[in-house]
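Read off the chains here:
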Amino acid sequence: VAISAVAGILKQLKRPHKKVPICPYEISGSPKPSSIQAGDRPDNQWLHYDSQSLPKTKEAWESCCFVEKTHWGYYTWPQTMTVYAPVEHQPKLGRRRDELTEAEQIIYDHFSDPKFVEQLIKFLSLEDRKGKDKFNPRRFCLFKGLFRNFDDAFLPVLQPHLEELVADSHESTHRCVAEIIAGLIRGSKHWTFEKVEKLWKLLCPLLRTALSNITVETYNDWGTCIATSCESRDPRKLHWLFELLLESPLSGEGGSFVDACRLYVLQGGLAQQEWRVPELLHRLLKYLEPKLTQVYKNVRERIGSVLTYIFMIDVSLPNTAATKSPRVHEFTTRILENLKPLMEADEEIQNHVMEENGIGEQDERTQGIKLLKTILKWLMASAGRSFSTAVTEQLQLLPLFFKIAPVENDNMPLVLQVLKQTARSNSWHARYTVLTYLQTMVFYNLFIFLNNEEAVNDIRWLVIELLEDEQLEVREMAATTLSGLLQCNFLTMDGPMQTHFEQLCKMRLPKKRKRDLGSVVDTIPSGGKGMVVSLQSFPSVKISLFSLVTRFKCVPLRRLLDEVVAPCLM
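A brief report on the enclosed structure follows. These numbers come from a predicted model, not from an experiment.

Considering the pattern of salt bridges
Point 1. In total, this model carries 26 salt bridges according to the counting rule given.
Point 2. A salt bridge links Arg139 to Glu179; the nearest nitrogen and oxygen atoms lie 3.8 Å apart. Taken as a pair, Arg139 in helix 6 (residues 137-150) and Glu179 in helix 8 (residues 171-187) lie far apart in primary sequence, 40 residues in all.
Point 3. Given a relative accessible area of 17%, Arg139 falls into the buried group.
Point 4. A salt bridge links Lys420 to Asp458; its shortest N-O distance comes to 3.4 Å. Here the residue Lys420 occupies a position in helix 20 (residues 412-423), and Asp458 occupies one in helix 23 (residues 453-466), the gap between them amounting to 38 residues. The residues Lys420 and Asp458 share a single accessibility class, namely buried.
Point 5. In this structure, a network of salt bridges that share partners links the residues Lys92, Arg96, Asp98 and Glu99.

So, helix 24 (residues 472-487)
Point 1. Over its 16 residues, helix 24 extends 23 Å from the first C-alpha to the last, a length consistent with the 22 Å expected when each residue adds 1.5 Å.
Point 2. Taken together, the buried positions of helix 24 are occupied by Val474, Arg475, Met477, Ala478, Ala479, Thr481, Leu482, Ser483, Gly484, Leu485 and Leu486.

Thoughts on helix 21 (residues 428-444)
Point 1. Between the first and last C-alpha of helix 21 there are 25 Å, a value that for 17 residues agrees with the 24 Å anticipated at 1.5 Å per step.
Point 2. Of the surrounding secondary structure, the elements contacted by the buried residues of helix 21 are helix 20, helix 22 (446-449), helix 23 and helix 24.

Describing unusual backbone geometry
Point 1. With a phi angle near 50 degrees, Glu274 is a residue other than glycine that sits in the positive phi range.
Point 2. Position of Glu274 among the secondary structure elements: in the loop between helix 12 (256-273) and helix 13 (278-288).
Point 3. For Asn319, which is not a glycine, the phi torsion comes out positive at approximately 55 degrees.
Point 4. Here Asn319 is to be found in the loop between helix 14 (297-310) and helix 15 (328-338).
Point 5. Residue class for Asn319 comes out exposed when judged on its relative accessible area of 60%.

Definitions and cut-offs
Position numbers for residues count from 1 along each chain, tracking the sequence in the order it is written. Owing to the predicted nature of the model, reporting of local features is limited to residues with pLDDT of at least 70; listing and counting of side-chain atom pairs is limited to 80 or more, with chain, interface and lining totals taken over all residues. Where side-chain values are given, they derive from all heavy atoms of the structure, hydrogens and water being excluded. Every case where a carboxyl oxygen of Asp or Glu lies within 4 Å of a side-chain nitrogen of Lys or Arg is listed as a salt bridge. Helix and strand labels come from DSSP, where a helix needs a run of H or I of at least four residues and a strand needs a run of E of at least two; each type is numbered from the N terminus. Throughout this description, buried means an accessible area under 20% of the type-specific maximum (1.4 Å probe, protein chains only), exposed means over 50%, and partly exposed covers the range between. Multiplying 1.5 Å by the residue count of a helix minus one yields the expected span of that helix. Any two residues whose heavy atoms approach within 4.5 Å are treated as being in contact.

As structure tokens, this is what we get:
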């Protein structure tokens, strides 16, 4: 609460910054289009990241027209386009204590005190909930406000703590330094070039150390840190950061996990910039393309996810200019060429034995399969995130995907064992869920099951057992499940199953129920399973069979309903 309160006070103390109008068409030297056209146009290309014209000097920095909002210019320009005025027209930076207001002086005195800062860092580095702590946006807002309102006044006090925190590998310390660094980057929005350049000389070594010490518990925090730092920021202002992240992300230093984490962090930063960094996307794609057959599975899967964001802006919509970012059809055409050996070979892909994380020489076929799996990961990730449908070249990969589908290990026996255990649970909600899951599992793996008679018999036994459940909702779902399995011909209403149901339906109960009625043992020949059926469950069996027959239109079942079930229900 205290942190949120101070962050709120800092926002109230925020000094207004002057803005001036500009004409984007004059800056670009391009005429205003006659109609609205989204995408990369001549009049908005001056916003693109260009490594040949980055503002690396004071003169270039102060003459550069920075546009922070990512969406401005892609579709069209605001009627009145405004940007921040030059630094000489902005509030004074580097103020002395006597130039601050009374409220500002209180904050200044505390965060200039080394003992107070040390105690604060110790508190922020404490572990609150093991395994559940996450990047805290309130703490980020606190440090963002401090560096926005007081520029670099507190940096000398914080620097030794930052260096100490990144060298540590504990989860809580890395989260703390990630929150501070994100606040630093966002809070330096209006700093002068000299101060920004000095800041990045400090941050670059810190980030390299942090990424080298990244762990399973902290990689999400660093991904959030970089994504937050790049949100609504002109990429040209952050060129130090992007160039650092593109420094051999798959260097191998620290192992495959660290490589995958570096890609994840880079992905978070580039995703915030969307259409404004086509050069960086092309550079990254050129770097990753030879590594699509990477040795380690986790790295290949991360590459597949990164590809989704590389091609995110390649959309084909009416009145949309062609993107300067990488194009899906060009990339897929090159992939198809590399996959020709797999397409032309007659051998089944799933029969090819390979080591997932094998090190050393790999034959052409093994590399092709790993390439195909990376591309499949990309397409799966794109399905839920992409703005456009698959291109023609992607559809040409379908024959190979069909071949590779059975490569993964089959866990059906284990799944069925867990379902059987759950079906005996005391919770009827759990028994009900077994049936809903069973429907999806069978229908999506129908052809695998049809070659496994034992699994089919297990499912047959499981559904029939739940057809006699004491809970009405479970019985009705069992009837729905059985009718579906019969309709798709996964199960058949053969003689043994029909005889079993007829025997259950013909058995009458005494008018007064007794607890010592005992049980009847009946065997389902097709399943090879013995089933103990309580006499008290027979009414539920009849009702379930009635529900089943009304769902499944079949002559033998109709006869069963008319001649056997109906008289028993009277």
